[in-house]
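The lines below spell out each chain.
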Amino acid sequence: MVECIGGIAALTQVSFPDLRLRVENLCCRRGGRLIFEGVNLSLANGEALALTGRNGAGKSSLIAMLCGRLRPDGGSIAIEGADEAELIELSHLVGHRDGLKTALTARENLAFAQDVLGHPALSPEAALDAVGLAHAAALPVGYLSAGQRRRVALARLLVSQRPFWLLDEPMSALDAASQAMLTGLMRGHLGAGGAILAATHGPLGLDQAREVRIGS
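As the structure is a prediction and not an experimental result, all values here were calculated from the model.

> An account of the overall build of the protein chain is needed here, citing residue identities and associated values.
Across its full length, the protein chain carries six helices and ten strands. The C-alpha atoms of the protein chain give a radius of gyration of 17 Å, which matches the 17 Å a tight globule of 216 residues would have. A principal-axis box enclosing the C-alpha atoms of the protein chain has dimensions of 45 × 35 × 30 Å. In the protein chain, of all internal contacts separated by at least 6 residues, the share reaching a separation of at least 24 is 71%. For the protein chain, the distance from the average site of its 20 positive side-chain charges to the average site of its 21 negative ones is 9 Å.

This is the structure:
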């Protein structure tokens, strides 16, 4: 069940199973060059990790490995408590690219995402309202500003119930009010038993977030 409270979408009565992501001694090479090695992290229900490091340290590469888009050069990625499910089946990804079809409206983009991801939560209209874009539901995404497109991409987090949020620079292109909105969404997800791993250069506004720094 999902309800909107004061413009912030909060999941209630969500029955996420007890899950734990374990990453051990992960290693990444790109073009024959070592990007990082020996990365260890653990992430369970209600926990948040802030993945930090300089530009080029491999934050985006690590998230791509978690999603199955890149193959690790060493180490392991495992989900405890999910039987045979892969992390990609249990997670939302919001990367540098918004991943939106510019010819489709904001509503159509979210409806498509909900059909693909399954486990429906908020309706596309309610998700857009939660990120302050109810007025833009019928507009093609190509007409929206960079910040508005980012908010549509973030609204995908709300149309399907998935326990792990993997976010790559989630505050990018957002103004102060939109950053506060996103912090509220993340707090609601954690409070419902979800988990968040976010690559970031700045604060997430989550007091409980642990920091994992990669790269020298």
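Let's pick the thread back up.
> Any details on unusual backbone geometry? Residues and values, ideally.
Here histidine 119, not a glycine, exhibits a phi torsion of approximately 50 degrees, which is positive. The residue histidine 119 is located in the loop between helix H3 (106-117) and helix H4 (124-130) in this model. Classification of histidine 119 as exposed rests on a relative accessible area of 53%. Within the chain, glutamate 169 stands out as a residue other than glycine whose phi angle is a positive 50 degrees. Note that glutamate 169 resides in the loop between strand S8 (164-168) and helix H6 (176-191).

> I'd like a description of the sheet that holds strand S4 (residues 33-44), backed by residues and values.
Within the open sheet, the three strands sit side by side as S4-S3-S6. Their pairing is antiparallel. Looking at the sheet topology across the chains shown, the edges are occupied by S4 and strand S6 (74-80). Each strand axis lies, on average, 15 degrees off the axis of its neighbour in the sheet, ignoring direction. As paired elements, strand S3 (residues 20-30) and S4 share eight bridges and run antiparallel to each other. Within S4, the position partnered with leucine 26 by the bridge is valine 39.

> Tell me what's going on with the side chain of arginine 151, and back it up with residues and numbers.
With respect to the helices and strands, arginine 151 occurs in helix H5 (residues 146-159). Although buried, arginine 151 forms no salt bridge, and the nearest oppositely charged side chain, aspartate 175, lies 5.8 Å from it. At 3.0 Å, the side chain of arginine 151 forms a polar contact with the backbone oxygen of valine 131. If we skip the residues at most four places from it in the chain, arginine 151 touches Val131, Gly132, Leu133, Leu174, Ser178 and Met181.

> Which residues make up the confidence of the model for the protein chain, and what values do they have?
Averaged over every residue, the pLDDT of the protein chain is 91; residues scoring 70 or more account for 92%. Within the model, pLDDT remains below 50 along residues 1-13, and this stretch shows 29 contacts once partners closer than five positions in the same chain are excluded.

> An account of the packing of H3 against H5 is needed here, citing residue identities and associated values.
Where H3 contacts H5, the two axes come as close as 9 Å, and the packing angle between them is 40 degrees. Taken together, the axes of H3 and H5 are oblique relative to one another. In the crossing of H3 with H5, the sense of the turn from one axis to the other is right-handed. Where H3 approaches H5, its residues Ala106, Leu110, Ala113 and Gln114 are matched on the opposing element by Val152, Ala155, Arg156 and Val159. Of the residues belonging to the contact of H3 with H5, the class tally is six nonpolar, one polar and one charged.

Rules used in this analysis
- Here the residue numbers are simple positions, counted from 1 along each chain's written sequence.
- For this predicted model, a pLDDT threshold of at least 70 governs which residues receive local features, and a threshold of 80 or more governs which side-chain atom pairs are given and counted, while totals over whole chains, interfaces and linings are taken from all residues.
- Hydrogens and water molecules were not included; the side-chain quantities draw on all heavy atoms of the structure.
- Numbering of helices and strands runs from the N terminus, with a helix taken as a DSSP run of H or I at least four residues long and a strand as a DSSP run of E at least two residues long.
- C-alpha atoms define the radius of gyration, and 2.2 Å times the number of residues to the power 0.38 defines the globule rule.
- Whether two residues touch is decided by their heavy atoms; if any such pair falls within 4.5 Å, the residues are in contact.
- A positive count includes Lys and Arg, and a negative count includes Asp and Glu. His and the chain ends are not counted in either.
- Taken as the charge location is NZ of Lys, CZ of Arg, CG of Asp or CD of Glu.
- Three exposure classes are used, based on accessible area relative to the maximum for each residue type with a 1.4 Å probe and protein chains only: buried under 20%, partly exposed in between, and exposed over 50%.
- Think of it this way: DSSP has to see at least two bridges between two strands before they count as a pair.
- Geometry is summarised by axes, namely lines fitted to C-alpha atoms with helices restricted to the contacting stretch, and by angles between N-to-C directions that run from 0 to 180 degrees.
- By salt bridge we mean one thing: a side-chain nitrogen of Lys or Arg within 4 Å of a carboxyl oxygen of Asp or Glu.
- Polar contacts here mean pairs of N or O atoms no more than 3.5 Å apart (in protein, one a potential hydrogen donor and the other a potential acceptor; neighbouring residues in sequence count only if both atoms are side-chain atoms).
- Across the chain, each position has a pLDDT score giving the predictor's confidence in that residue, from 0 to 100.
- By definition in this entry, angles of less than 35 degrees are roughly parallel, angles greater than 145 are roughly antiparallel, angles of 65 to 115 are roughly perpendicular, and the rest are oblique.
- The crossing is said to be left-handed when, going from far helix to near helix, the turn is anticlockwise and less than a right angle, and right-handed when the turn is clockwise.
- Following the grouping adopted for this structure description, the nonpolar residues are Ala, Val, Leu, Ile, Met, Phe, Trp, Tyr, Cys and Pro, the charged ones are Asp, Glu, Lys and Arg, and the polar ones are all others, Gly among them.

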